[in-house]
Amino acid sequence: MTFHQLPSSFLSTALLFMFIFPHCSSVEYDGATIFPTVKQDEKVNLSVYYESLSDTGAEFISHDLGKVFEKGLTSIVNLRLIPWGKAQIVEPNETIVCEHGEDECYFNVIHACAIKAWPEQLLHFTFIKCLEETSWGPTLDKEKVWRTCCQNLKLSPNLIKDCYDNGTGRWLELIYAAETERLEPPIQFVPWLTLNGDAVGPDYGNFVKYVCEAYSGSHVPEACKEMPISQD
């Protein structure tokens, strides 16, 4: 398998496009209310590279990543989800081949469409968490899975359907592919976390600790105040 390198001009245009999003509503996570008080340039950039049907990725998103939205931690974090993982682009037709088969490729695109449709961190995270908890086993009706999540969360399914049908989702996946390919060190397993561009490694389950250590601003959220003081 060979990875198809995308031209830099395409990537620049595409990345600009990704920041132009429609207005979205908000949801709550375990009753949390979010009050951003930290300057954008002080926030810690937390990126999660994952695959939609990876058991370890689903476990992390379903049971651990939600800590971002607890005890004020989200006020110091820019969370990004990158649904590509170890997928590959195969020449000559730029066929996308995913580690866990065609269903994973399908849901990777649905995840990408959700991130575009609802750019607010909590909103698309909650939708993706719903998918990760329900898109397991032999799925006879993949569309029903994400439509059910839309219905439960009162989100418009049309944004996802249009994104998938018109090819925007696949285009976003190619952007995520190029970003993942540029990781240094390269992705070794999923989920693969980076903080401000630096790989977290196998101890990703303790990401809250690393976020707090990386944060240098004056507004310290409760989640970080509860962290034990490092003995250096």
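Residues numbered from 1 in each chain as written. Predicted model: local features only at pLDDT ≥ 70, side-chain atom pairs only at ≥ 80, totals over all residues. Heavy atoms only, no water.

## Side note on the pairing of strand 5 (residues 192-195)
Two faces, one strand: in a regular strand the side chains alternate between the faces of the sheet.
Point 1. Judged by which residues are buried, strand 5 turns out to be covered on both faces: Trp192 and Thr194 on one side and Leu193 and Leu195 on the other are all buried.
Point 2. Where strand 1 (residues 44-50) lies against strand 5, four bridges are found, and the strand directions are antiparallel. Across the sheet, residue Val48 finds its bridge partner in strand 5, namely Leu193.
Point 3. Where strand 5 meets strand 6 (residues 198-199), two bridges bridge the pair, whose relative direction is antiparallel. By the bridge assignment for strand 6, Leu195 is matched with Asp198.
Point 4. Hairpin connection, strand 5 to strand 6: the antiparallel pair is bridged by two residues, and Asn196 has positive phi, about 50 degrees. (Buried < 20%, exposed > 50% of the residue type's maximum accessible area, 1.4 Å probe, protein only. Helix = DSSP H or I, 4+ residues; strand = E, 2+ residues; numbered from the N terminus. Pairing = 2+ DSSP bridges.)

## Digging into helix 5 (residues 142-153)
Point 1. Between its first and last C-alpha atoms helix 5 spans 17 Å; for 12 residues at 1.5 Å apiece the expected length is 16 Å, and the two agree.
Point 2. Of the surrounding secondary structure, the elements contacted by the buried residues of helix 5 are helix 3 (102-117), helix 4 (121-134) and helix 6 (157-165).
Point 3. Where helix 5 terminates, the next one or two residues include Lys154, which has phi positive at roughly 60 degrees. (Expected span 1.5 Å × (residues − 1). Contact = heavy atoms within 4.5 Å.)

## Describing the side chain of Ser52
Point 1. Position of Ser52 among the secondary structure elements: in the loop between strand 1 and helix 2 (55-63).
Point 2. Side-chain polar atoms of Ser52 contact the backbone oxygen of Glu104, separated by 3.1 Å.
Point 3. Within the structure, the side chain of Ser52 is placed 2.9 Å from the side chain of Asn108, a separation counted as a polar contact.
Point 4. Setting aside residues up to four positions removed in sequence, Ser52 forms contacts with Glu104, Phe107, Asn108, His111 and Glu132. (Polar contact = N/O pair within 3.5 Å; in protein donor to acceptor, adjacent residues only side chain to side chain.)

## Digging into the state of the cysteines
Point 1. One pass over the full model with this rule turns up four disulfides.
Point 2. Here Cys113 pairs with Cys163 through a disulfide, and the sulfurs are 2.1 Å apart. Sign of the S-S torsion, about -80 degrees for the bond between Cys113 and Cys163, identifies this disulfide as left-handed. With Cys113 in helix 3 and Cys163 in helix 6, this residue pair connects regions lying 50 residues apart in the sequence.
Point 3. Residue class for Cys113 comes out buried when judged on its relative accessible area of 1%.
Point 4. Classification of Cys163 by relative accessible area gives buried; the value is 6%.
Point 5. Counting its disulfide-bonded cysteines in sequence order, the chain shows a connectivity of 1-2, 3-6, 4-5, 7-8. (Disulfide = S-S within 2.5 Å.)

## Some remarks on the sheet that holds strand 5
As a general point, the strands of a sheet are linked pairwise by backbone hydrogen bonds and lie either parallel or antiparallel.
Point 1. Judged by pairing direction, the sheet is mixed, and its four strands sit side by side in the order 2-1-5-6 without closing on themselves. Each edge of the open sheet is held by one strand with a lone partner, namely strand 2 (77-83) and strand 6.

## Describing the confidence of the model for the chain
Point 1. Residue-level pLDDT values for the chain average 86, and 80% of them are 70 or greater.
Point 2. Confidence drops under pLDDT 50 across residues 1-28; counting only partners more than four residues distant or on other chains, this segment forms 47 contacts.
Point 3. Here residues 31-36 is a poorly scored stretch, pLDDT under 50, and it has five contacts once near neighbours within four places are set aside; other chains count. (pLDDT = per-residue confidence, 0-100.)

## As for the nonpolar core
Point 1. Formed by 68 residues in total, the largest nonpolar core has its most connected members in Leu46, Leu65, Leu73, Leu79, Trp118, Phe127 and Phe207.
Point 2. Broken down by element, the residue count for this core peaks at 10 residues, all from helix 3.
Point 3. Ignoring sequence-local partners within four residues, the contact set of Leu73 consists of Lys67, Val68, Phe207, Val208, Val211, Cys212, Pro221, Ala223 and Cys224. (Core = buried A, V, L, I, M, F, W, Y, C linked by side-chain atoms within 4.5 Å.)

## Considering the packing of aromatic side chains
Point 1. This model, assessed by the stated rule, comprises eight aromatic pairs.
Point 2. Seen from their ring centres, Phe60 and Phe207 are 5.7 Å apart, and the 75 degrees between their planes marks the pair as edge-to-face. Of this pair, Phe60 sits in helix 2 while Phe207 sits in helix 8 (residues 207-214), and the two are 147 residues apart along the sequence. Take Phe60 and Phe207: they sit in the same class, and that class is buried.
Point 3. Ring plane angle 40 degrees and centroid distance 6.2 Å describe the contact between Phe189 and Tyr204, whose orientation is recorded as tilted. (Phe/Tyr/Trp six-rings, centres within 6.5 Å; stacked < 30°, edge-to-face > 60°.)

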